[in-house]
There are 2 protein chains.
Amino acid sequence: MLSNVRIVLVETSHPGNIGGAARAMKNMALGDLVLVRPQRFPDPDAEARAAGASDLLTSARVVDSLDDAIGDCQLVIGTSARERRIPWPLVDPRAAAERVREAQPGRTAILFGRERTGLSNEELHRCHAHVHIPTNPDYSSLNLAAAVQVLCYELRMAALASSAADQSAQEWDVEPASSADLERMFAHLEDTLLQLNFFDPDNPRQVLTRLRRLMMRVAPDRMEVAIVRGMLTAVQARIGSQTDSAP
Amino acid sequence: MLSNVRIVLVETSHPGNIGGAARAMKNMALGDLVLVRPQRFPDPDAEARAAGASDLLTSARVVDSLDDAIGDCQLVIGTSARERRIPWPLVDPRAAAERVREAQPGRTAILFGRERTGLSNEELHRCHAHVHIPTNPDYSSLNLAAAVQVLCYELRMAALASSAADQSAQEWDVEPASSADLERMFAHLEDTLLQLNFFDPDNPRQVLTRLRRLMMRVAPDRMEVAIVRGMLTAVQARIGSQTDSAP
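Since the structure is predicted, the reported quantities are computational estimates derived from the model, not experimental observations.

Asks: Is there a simple way to explain the domain arrangement of chain A in this structure?
Replies: Size of an interface: often given as the accessible area lost when the parts come together. Domain assignment breaks chain A into domain 1 (2–163) and domain 2 (179–245). Relative placement of domain 1 of chain A and domain 2 of chain A: their C-alpha centres are 57 Å apart.

Asks: Can you help me understand empty space enclosed by the protein in this one?
Replies: Leftover empty space is mapped by rolling, across the atoms, a probe with the size of a water molecule. Taken as a whole and assessed by the stated rule, the structure comprises two cavities of 30 Å³ or more. As a volume, the largest cavity reaches approximately 440 Å³. As for the largest cavity, its lining consists of 24 residues, and the residues nearest its centre are A:Leu189, A:Val228, A:Met231, B:Val228 and B:Met231. Among the secondary structure elements, those contributing two or more residues to the lining of the largest cavity are α8 (179–195), α9 (204–218) and α10 (222–245) of chain A together with α8 (179–195), α9 (204–218) and α10 (222–245) of chain B.

Asks: Is there a simple way to explain the interface of chain A and chain B in this structure?
Replies: Taken together, the contacts link 65 residues of chain A with 66 residues of chain B. The contact between chain A and chain B buries some 5500 Å² in all, and 61% of this surface belongs to carbon and sulfur atoms. The tally of links between chain A and chain B comes to seven salt bridges. Our count for the contact surface shared by chain A and chain B stands at 27 residue pairs in polar contact (both at pLDDT 80 or more). Elements with a minimum of two residues in the side of chain A that touches chain B: α1 (15–27), α5 (93–102), α7 (144–163), α8, α9 and α10 of chain A. Looking at the side of chain A that touches chain B residue by residue, the classes come out as 35 nonpolar, 16 polar and 14 charged.

Asks: I'm lost on the packing of α1(A) against α7(A) in this one. Help?
Replies: In a packed pair of helices, the relevant descriptors are the angle between the two axes and the axis-to-axis distance. Residues and elements named next belong to chain A. Relative orientation of the contacting elements α1 and α7 amounts to 15°, with a least axis distance of 8 Å. For the element pair α1 / α7, the angle class is roughly parallel. Where α1 crosses over α7, the two elements pack in a sense that is right-handed. Along the contact surface, α1 presents Asn17, Gly20, Ala21, Ala24, Met25 and Asn27, while α7 presents Leu144, Ala145, Val148, Gln149 and Cys152. Residues belonging to the contact of α1 with α7 are distributed by class as follows: seven nonpolar, four polar and no charged.

Asks: Whenever I open this one, the pattern of salt bridges confuses me. Can you help?
Replies: Two side chains of opposite charge can pair, provided their charged atoms sit close to one another. All names here are of chain A. Taken as a whole, this structure holds 43 salt bridges over all chains when the rule is applied. With its nearest N and O atoms 2.8 Å apart, the salt bridge here joins arginine 6 to aspartate 72. A residue pair is termed long-range when its members are at least 10 positions apart, and arginine 6 in strand β1 (residues 5–10) and aspartate 72 in the loop between α4 (66–70) and β4 (75–79) qualify at 66 residues. According to the relative accessible area criterion, arginine 6 is buried, its value standing at 4%. For aspartate 72, a relative accessible area of 43% puts it in the partly exposed group. Salt bridges linked by common partners bring Arg6, Asp32, Asp72 and Arg107 together as one network.

Asks: Any chance you could explain the sheet that holds strand β2 (residues 32–36) of chain B here in plain terms?
Replies: Strand pairing in a sheet is mediated by backbone hydrogen bonds. Such pairs are either parallel or antiparallel. Residues and elements named next belong to chain B. The seven strands lie next to each other as β3-β2-β1-β6-β4-β7-β5, forming an open sheet whose pairing is parallel. Where the open sheet ends on each side, the last strands, each with one partner, are β3 (61–63) and β5 (90–91). In this structure, strand β1 (residues 5–10) lies alongside strand β6 (residues 108–112), joined through five bridges in parallel fashion. Across the sheet, the residue bridging to isoleucine 7 is isoleucine 110, located in β6. The sheet strands contacting helix α5 (residues 93–102) are β1, β4 (75–79), β5, β6 and β7 (129–131), and the helix crosses β4 at an angle near 165°.

Calculation criteria
- Residues numbered from 1 in each chain as written.
- Chains lettered and ligands numbered in written order.
- Predicted model: local features only at pLDDT ≥ 70, side-chain atom pairs only at ≥ 80, totals over all residues.
- Heavy atoms only, no water.
- Domains from an automatic or database assignment.
- 1 Å grid on protein atoms, 1.4 Å probe; cavity = no way out; pocket = protein on both sides within 12 Å on 5 of 7 lines; lining within 4 Å.
- Points joined across faces, edges and corners; volume = space filled by probe spheres on them.
- Helix = DSSP H or I, 4+ residues; strand = E, 2+ residues; numbered from the N terminus.
- Contact = heavy atoms within 4.5 Å.
- Buried area = accessible area lost by both parts, 1.4 Å probe.
- Salt bridge = Lys/Arg side-chain N within 4 Å of Asp/Glu carboxyl O.
- Polar contact = N/O pair within 3.5 Å; in protein donor to acceptor, adjacent residues only side chain to side chain.
- Nonpolar A, V, L, I, M, F, W, Y, C, P; charged D, E, K, R; others polar.
- Axes fitted to C-alpha atoms, helices over the stretch in contact; angles between N-to-C directions.
- Parallel < 35°, antiparallel > 145°, perpendicular 65-115°, else oblique.
- Left-handed = near helix turned anticlockwise from the far one by under 90°.
- Buried < 20%, exposed > 50% of the residue type's maximum accessible area, 1.4 Å probe, protein only.
- Pairing = 2+ DSSP bridges.

So this is what it looks like as structure tokens:
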């Protein structure tokens, strides 16, 4: 899906932002960058900010009109900071990424406007939907590269979710303990605590219930259960030898 | 919720990144920034990158140790780029933000490591969970400010969803333990296990690390910590009396 997404920067003023956008794209495995009438490009500032993503600058296409940038796209989403006089379908970055996913295998363009003034109304009207990043109302001036970062991140999250719907299980080094393992551990714990005279005579179950809740919540693996039981056995060995030596 | 989230930058090399992080935070309405041993701060480069967010730099707290940064936090999440030998609970930024939401009204710290080397293993072991931004495997070098941007964006999305939805936060009967509470518990545990001669002489840290992972994963409440420490004290009392009665 990510190879079908194009990032379009319209009339960018600062070449450093183009470099930062390229880096953000490559970090999230996007590669198709189109620049509409950039003020300065190519430029050393763009190269410097791109760091290891200068290959995206080399392959970026520079065009004279928005038509040239988005003509072949089947879904066009424009970033918008402001509310418009005529409301347009407005989504947040997550819903925008979902739209892109649903549009596969069609080609999508995400448009980013000028640093100061954003996209014009005419440009916004070329879009199927607008996307708004929900910034702090008291400080909404998101840097252009930061905005690209957020959108590309959501696109990547959507791509990963769709490619790996199965592998929800996290890698872990040890198999989870079985219910029977856990019950044996709780019995062992209760025995040991009895030998320690640990229980409150007024409410003997309270402590055990809380310890059980703790362990059930964490869902320990087999080795963790083995370590806990090893500790209990070590305690019992010491208590036992003490009891034996008592008069 | 966002006022309960602290961003902690550990040994940042480039002050520009501190400024970029401050801007990313303020864009998403976060305000609590703590710097652990920054190489250069305050610094004009930080001010320049912060743009309109220099108030966050002014109020940022500079501390000498991670303890000073997170001691009062009830949930600690560390950013991690690499796989570890002993896997730790690992979440993506969205799930991390969800963890933070569930932990309300507890205070959370999100830790970001050094530009080149990230967080140390010891620092990562202070965390309840690790968060990994799912970058392009072929180009994973996310700029520090960009990483802060992604996490703060997800935190803001979770905060907005949580204030919009009905507060379905889970009821819990006891306040979560603080990071300092947990460290005292681990020290107590280590002392007790030493007295029991429980450690494998060939690999004494392995068991402690696994027990630490278990307890960090479950994020115990204050009463649970008190029960565990009560058990340790009971064991020590018996071991002590046994040792006293030995010849």
